[in-house]
Amino acid sequence: MLFDSFNRRIKDLRVSVTDRCNFRCFYCDPDPAPCGSIDPKLLTFEEIHSLCEVFVSLGIEKIRLTGGEPMVRKDLDLLVGQLAGLKRLGLQELAMITNGSNFANKAAQFRSCGLDRVTFSLDSLKPDIFRSITGSDKLSHVLESIEAARSAGYPNIRVNAVIVRGRNDDEIVDLAQFARRNNLAVRFIEFMPLDSRRTWDRKNMVTATEIRETINSAFPIILKNASRRGETAWTYRFADGSGGEIGLIAPVTNAFCGECSRIRLTADGQIKTCLFSTKEYDLRSLLRKGGSRTEVANLIRFAVARKIAGHTIGSPTFEYSSRSMSSIGG
Ligand code: SAM
Ligand code: SF4
């Protein structure tokens, strides 16, 4: 099993399959989606699979596919099928996070390939605001994808919303209502300084406390989890017994670093042990040089042992990560 030097057990791996995206969310702002051949810097599906096999043998229980936008990677269902095979080695959950623009007609196929869970990102229910945030007019596609995921039988569907002052903070209650109406979990995330344009400012960040108070004054909510136990979110149910759930993720004002169980593999094969670390460990070079499974496992252990205690957003010593969210894998 993987333990870091703070005795945190690492069991959750985020795998970025691409750093590109078909959206341009202003708080992330990746490079455009590729057309044509695959960038040779990216790990192939075979490379991702063989690295994940080693991660699982070291006790990783959950893998979440991310990006960039994972659905822009061609034939992603093949990778899902390969990774689902790791369940016989101890993987407990294979999940994906997507912007939902291209998921609707793939929902059932991915489910039958072994995808257990899906999370969508949706910051606005108003087409004009959605467009101003994402640079895309595909709101209706995202809503269709959420419906398709439900029809395909995915359990515990989640919707993530990043709330930014002056952009979508007037939609907090509408998004909570969306959770109630559709009986799903909406998780509100504080805006983090991981945007490639470096526009983050505490003044435009809406805190989780403010979000909770806004929701609570419209629909009273009751805390469900007294401890986050390795989860990133505080979760709430509605006091009136309505369906749906609210999650609050407060990486800036109430960091969960002390309970962090995550590690990340970037699309170009680097281990990142924290979203905000500036240090990376090069698994791709090791693999392409013909490194053995033992050498790969040793590099993973070496990286985990050096996982930093936590981020320092807000402190005078804070340094922007060496990469933006889309390039690390959110
Ligand atoms: N493209 C996919 C999507 O948007 O769901 C997956 C990758 S995206 C980087 C993963 C998550 O990171 C999304 O829910 C997105 O809202 C969140 N995210 C991106 N930049 C962020 C930032 N600066 N602060 C907080 N969350 C951010
Ligand atoms: Fe693309 Fe996701 Fe970043 Fe938005 S948050 S630009 S959908 S990678």
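In this report, we go over the structure that sits alongside the text. (Residues numbered from 1 in each chain as written. Chains lettered and ligands numbered in written order. Predicted model: local features only at pLDDT ≥ 70, side-chain atom pairs only at ≥ 80, totals over all residues. Heavy atoms only, no water.)

Notes on the packing of aromatic side chains
All told, the structure shown has 8 aromatic pairs when counted by the stated rule. Residues Phe103 and Tyr154 carry aromatic rings whose centres are separated by 6.0 Å and whose planes lie at 55 degrees to one another, so their mutual orientation is tilted. You can see Phe103 sitting in the loop between β5 (93-98) and α3 (107-113) and its partner Tyr154 sitting in the loop between α5 (139-151) and β7 (158-163), a full 51 residues away along the chain. As far as burial versus exposure is concerned, Phe103 and Tyr154 are alike and both buried. For the pair Phe219 and Phe238, a centre-to-centre distance of 6.1 Å together with 90 degrees between the ring planes defines the contact as edge-to-face. One end of the pair, Phe219, is in the loop between α7 (208-218) and β9 (221-223); the other, Phe238, is in strand β10 (residues 234-238), and 19 residues separate them in sequence. Take Phe219 and Phe238: they sit in the same class, and that class is buried. One aromatic cluster is present, built from ring pairs that chain together Phe103, Phe110, Phe120 and Tyr154. Directly above the ring of Phe238 sits Arg180, whose terminal nitrogen or CZ lies 4.8 Å from the centroid. It is Arg306 that lies over the ring of Phe302; its NZ or CZ is 3.5 Å from the centre. (Phe/Tyr/Trp six-rings, centres within 6.5 Å; stacked < 30°, edge-to-face > 60°. Helix = DSSP H or I, 4+ residues; strand = E, 2+ residues; numbered from the N terminus. Buried < 20%, exposed > 50% of the residue type's maximum accessible area, 1.4 Å probe, protein only. Lys NZ or Arg CZ within 6 Å of the ring centre and 35° of its normal.)

Things to note about the pairing of β5
Here β5 lies mainly inside the structure; 5 of its 6 residues are buried. Direction of pairing for strand β4 (residues 62-66) relative to β5: parallel, over a ladder of 4 bridges. Looking across to β5, one finds that Lys62 is bridged to Glu93. In this view, the connection linking β4 to its parallel neighbour β5 by way of helix α2 (residues 76-84) has right-handed handedness. Pairing of β5 with strand β6 (residues 117-121) involves 4 bridges; the strand directions are parallel. Its bridge partner being in β6, Ile97 is matched across the sheet by Thr119. (Pairing = 2+ DSSP bridges. Right-handed = clockwise from strand over helix to strand, strands pointing away.)

Examining helix α4 (residues 127-134)
Along α4, the positions that sit buried rather than exposed are Phe130, Ile133 and Thr134. One side of α4 holds all its buried residues, which, seen down the axis, span an arc of 80 degrees. Residues of α4 that are buried in the fold lie against α5. (Arc of directions from axis to C-beta. Contact = heavy atoms within 4.5 Å.)

Notes on the nonpolar core
One finds Ile63, Phe103, Phe188, Ile246 and Ile300 to be the most contacted residues of the largest nonpolar core, which totals 103 residues. Here this core takes 7 residues from helix α1 (residues 45-57), the largest share from any one element. Discounting chain neighbours no more than four positions away, the residues touching Phe188 are Ala161, Ile163, Ile172, Leu175, Ala176, Ile211, Ile215, Ile246, Gly247, Leu248 and Ile249. (Core = buried A, V, L, I, M, F, W, Y, C linked by side-chain atoms within 4.5 Å.)

Observations concerning the site of ligand 2
Cys21, Phe23, Cys25, Tyr27, Cys28, Pro30, Gly68 and Asn99 make up every residue found near ligand 2. The residue inventory of the shell around ligand 2, partitioned by class, reads 6 nonpolar, 2 polar and no charged. (Near = heavy atom within 4 Å. Nonpolar A, V, L, I, M, F, W, Y, C, P; charged D, E, K, R; others polar.)

Digging into the site of ligand 1
What surrounds ligand 1 is a group of 17 residues, the closest being Tyr27, Gly68, Glu69, Ser121 and Met192. Contact between ligand 1 and Glu69: a nitrogen atom at 3.1 Å from a side-chain N or O atom of the residue. The separation between an oxygen atom of ligand 1 and a polar side-chain atom of Ser121 is 2.5 Å. For ligand 1, whose accessible area on its own is 540 Å², the fraction buried by protein is 95%. When contributions to the shell around ligand 1 are tallied by element, the ones reaching two or more residues are β5 and β7. Of the residues that constitute the shell around ligand 1, the class distribution is 7 nonpolar, 8 polar and 2 charged. (Polar contact = N/O pair within 3.5 Å; in protein donor to acceptor, adjacent residues only side chain to side chain. Areas by Shrake-Rupley, 256 points an atom, 1.4 Å probe, with all protein chains shown as cover.)

No statement about biological role is implied by the geometric values presented.
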